[in-house]
Amino acid sequence: MPALPRSIAHLDMDAFFASVELLHYPQLRGQAVVVGGRRATVAGDAFPRLASYVGRGVITTATYEARALGVHSGMGLMKAAQLAPEAILLPANFEAYRDYSRRFKAAVRALAPQVEDRGIDEIYIDLTPLNPDGSVAGARQLAVQLQQAVRDATGLSCSLGVAPNKLLAKLCSDLDKPAGIAVVTAADLPARIWPLPAKRINGIGPKAAARLEELGIVTIGELAGADPAWLQDRFGERYGVWLHRAARGEDERPVVTESEPKSLSRETTFERDLHPRGDRPELSTRFTRLCEQLADDLARKGYVGKTVGLKLRFDNFHTVTRDRTLPLPVGDAAAIRRAAGECLKRVPLTRRIRLLGVKVSSLIRRDELRPDADTPPVQAELFD
């Protein structure tokens, strides 16, 4: 049997958002830089510092130098300011990130077309047809070529893990970051995978990891050595079986090159809670912008949808959702906003709003529409 019966790669861009920012601000290379929030502004060479931030935004990403100070994605900016007050704060630029995402994926597909898109900064690639003998050397050479293609197309670095399956490939892509390549076979599991924390397995969340630790299981190797029946008794039959198989590196999932999304959505958490009446102009502007962004997403991916949904989270963290199914599918911003506005009328607006989101579901490919399909009339919305 070849060392790699399947050659499955997981490609992960290195500190993607921060790296894109450093292309625009090369003078910040080697410094602790945090990306996040909306109030940060850059004036010439004057960069804001985390210490001056006031608000409840969260970190979108951070350079490796900032991570070394204890800050990470998802952390509140105010908390991060306590750990790294002198770190530079840059606002997120998602249009640029999406542009570079398209570039690196196109570069990969030009060499290896069997790609599964997993998000803005990561993909799976089935390299098996390009490495028919399943050799480690062949897999590594392909990974080197992919790294170079991504760098040529974007100026950015990425890390790759190549393994017999997707689960192991994702684990491996993180082993030698940044700009690393790790090729792992089944024979390498005891030395390279089993010493890792069990929580590194994609699918073991914080609660399951905490429960495993309570039971004395910290590493992947300890999980692999646990009695399957014992795991099923404590985690349920289905999840217990999966835990044991995952720890032993067993995963037969294919690389899915095409998948139909069920819905597309956009949402934003405000820097401060907005009042439905007192802050109506700002809410209206944000509402319109979300609908425009969602319409752009639909157009770029080639979809329209028949169901428009609204999501609101209030200042007491209570969340409500409403949706409306239309006679005909819509995709333009005005139609989405009208339908979402109808949903909004069904929500009592008595509290300040913390989060606003808009979603389109029941998707249909735009090229499958009848030529005579028109946008249905919908009444005007609130926030105006």
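All values reported here derive from a predicted model rather than from experimental measurement.

Draft legend 1. Quick peek at the overall build of the protein chain. Within the protein chain, the secondary structure is distributed over 13 helices and 12 strands. Against the globule reference of 21 Å for 384 residues, the protein chain gives a C-alpha radius of gyration of 23 Å, in line with a compact fold. With respect to the principal axes defined by its C-alpha atoms, the protein chain has extents near 65 × 55 × 50 Å. Looking at the protein chain as a whole, 47% of its 384 residues qualify as buried. Split by element, the accessible area of the protein chain, about 18,500 Å² in all, is 50% carbon and sulfur.

Draft legend 2. Local environment of the nonpolar core. The biggest cluster of nonpolar side chains holds 37 residues, and the ones touching the most others in it are Leu11, Met13, Phe16, Val108 and Ile125. Look past the residues within four positions of Leu11 in its chain and what remains in contact with it is Phe104, Val108, Asp121, Glu122, Ile123, Ile125, Val150, Cys158, Ser159 and Leu160. By size, the runner-up hydrophobic cluster in this structure holds 31 residues, among which are Leu290, Leu298, Cys343 and Val360.

Draft legend 3. Local environment of unusual backbone geometry. In this structure, the amide linkage connecting Lys177 to the following residue, Pro178, adopts the cis form with an omega of -5°. Mapped onto the elements, Pro178 comes out in the loop between helix H6 (166-172) and strand E8 (181-183). Even without being glycine, Phe317 reaches a positive phi, approximately 70°. Relative to the helices and strands, Phe317 is located in the loop between strand E10 (303-314) and strand E11 (319-330). On the basis of relative accessible area, Phe317 is assigned to the exposed category, the value being 51%.

Draft legend 4. Quick peek at the side chain of Ser284. Relative to the helices and strands, Ser284 resides in helix H12 (residues 280-301). At 3.0 Å, the side chain of Ser284 forms a polar contact with the side chain of Arg337.

Draft legend 5. Main features of the pattern of salt bridges. Enumeration over the complete set of coordinates arrives at 26 salt bridges. Note that Arg245 and Glu250 form a salt bridge whose closest N and O atoms lie 3.2 Å from each other. Arg245 gets classed as partly exposed once you look at its relative accessible area, which sits at 26%. Judged by relative accessible area, which is 32%, Glu250 ranks as partly exposed. Taking the shortest distance from any N to any O, the salt bridge between Arg324 and Glu342 comes out at 3.8 Å. Residue Arg324 is found in strand E11, and its partner Glu342 is found in helix H13 (residues 333-344); the two are separated by 18 residues along the sequence. When salt bridges with common partners are traced through the structure, they connect Arg272, Asp279, Glu282, Arg286 and Arg352 into a single cluster.

Draft legend 6. Layout of the sheet that holds E10. Taken in spatial order, the four strands make up an open sheet running E9-E12-E10-E11, and their pairing is antiparallel. In the strand order of this sheet, the two ends are held by strand E9 (263-274) and E11, each with one partner. Strand after strand, the sheet turns through a mean of 15° between neighbouring axes, direction not considered. Pairing analysis gives eight bridges linking E9 to strand E12 (residues 353-365), with the strands arranged antiparallel. Bridge assignment links Leu264 to a residue of E12, and that residue is Val360. Sitting on the sheet, H12 is in contact with E9, E10 and E12, with an inclination near 160° to E9. Helix-sheet contacts for H13 involve E10, E11 and E12, and the interaxial angle to E10 is about 45°.

Draft legend 7. Local environment of H12. Here H12 contains 22 residues, and its C-alpha end-to-end distance of 32 Å stays within 8% of the 32 Å for a straight helix at 1.5 Å per residue. Taken as a whole, H12 has its buried residues at Leu283, Ser284, Phe287, Leu290, Cys291, Gln293, Leu294, Ala295, Asp297 and Leu298. In this structure, the buried side of H12 is in contact with E9, E10, H13 and E12. Downstream of H12 by a residue or two, Gly302 has a phi angle that is positive, lying close to 80°.

Draft legend 8. Looking closely at the layout of surface pockets. Taken as a whole, the largest pocket holds about 1,800 Å³ of empty space. What lines the largest pocket is a set of 49 residues, among which Arg98, Ile120, Arg266, Asp297 and Arg300 lie closest to the centre. At the level of secondary structure, the elements contributing two or more residues to the lining of the largest pocket comprise helix H4 (94-111), strand E5 (115-117), E9, H12 and E12. With eight residues, the single largest contributor to the lining of the largest pocket is E9.

Draft legend 9. Region of interest: the sheet that holds strand E1 (residues 8-13). In spatial order, the strands read E5-E6-E1-E7-E8; together these five strands make up an open sheet with mixed pairing. Each having just a single partner strand, E5 and E8 make up the two edges of the open sheet. When strand polarity is set aside, the average angle formed by the axes of neighbouring strands in this sheet is 15°. Bridge count for E1 against strand E7 (residues 158-163) is six bridges, and the pairing is antiparallel. Of the residues in E7, the one forming a bridge with His10 is Gly161. Across the face of the sheet, helix H5 (residues 136-154) comes into contact with E1, strand E6 (122-126), E7 and E8 while running at roughly 155° to E7.

Draft legend 10. Broad picture of the environment of Thr128. In this fold, Thr128 is placed in the loop between E6 and H5. Owing to a relative accessible area of 23%, Thr128 belongs among the partly exposed residues under this scheme. C-alpha separation for the pair Thr128 and Ala9, spaced 119 residues apart in sequence, amounts to 9.5 Å.

Rules and cut-offs
- Residues numbered from 1 in each chain as written.
- Predicted model: local features only at pLDDT ≥ 70, side-chain atom pairs only at ≥ 80, totals over all residues.
- Heavy atoms only, no water.
- Helix = DSSP H or I, 4+ residues; strand = E, 2+ residues; numbered from the N terminus.
- Rg over C-alpha atoms; globule rule 2.2 N^0.38 Å.
- Buried < 20%, exposed > 50% of the residue type's maximum accessible area, 1.4 Å probe, protein only.
- Areas by Shrake-Rupley, 256 points an atom, 1.4 Å probe, with all protein chains shown as cover.
- Core = buried A, V, L, I, M, F, W, Y, C linked by side-chain atoms within 4.5 Å.
- Contact = heavy atoms within 4.5 Å.
- Polar contact = N/O pair within 3.5 Å; in protein donor to acceptor, adjacent residues only side chain to side chain.
- Salt bridge = Lys/Arg side-chain N within 4 Å of Asp/Glu carboxyl O.
- Pairing = 2+ DSSP bridges.
- Axes fitted to C-alpha atoms, helices over the stretch in contact; angles between N-to-C directions.
- Expected span 1.5 Å × (residues − 1).
- 1 Å grid on protein atoms, 1.4 Å probe; cavity = no way out; pocket = protein on both sides within 12 Å on 5 of 7 lines; lining within 4 Å.
- Points joined across faces, edges and corners; volume = space filled by probe spheres on them.

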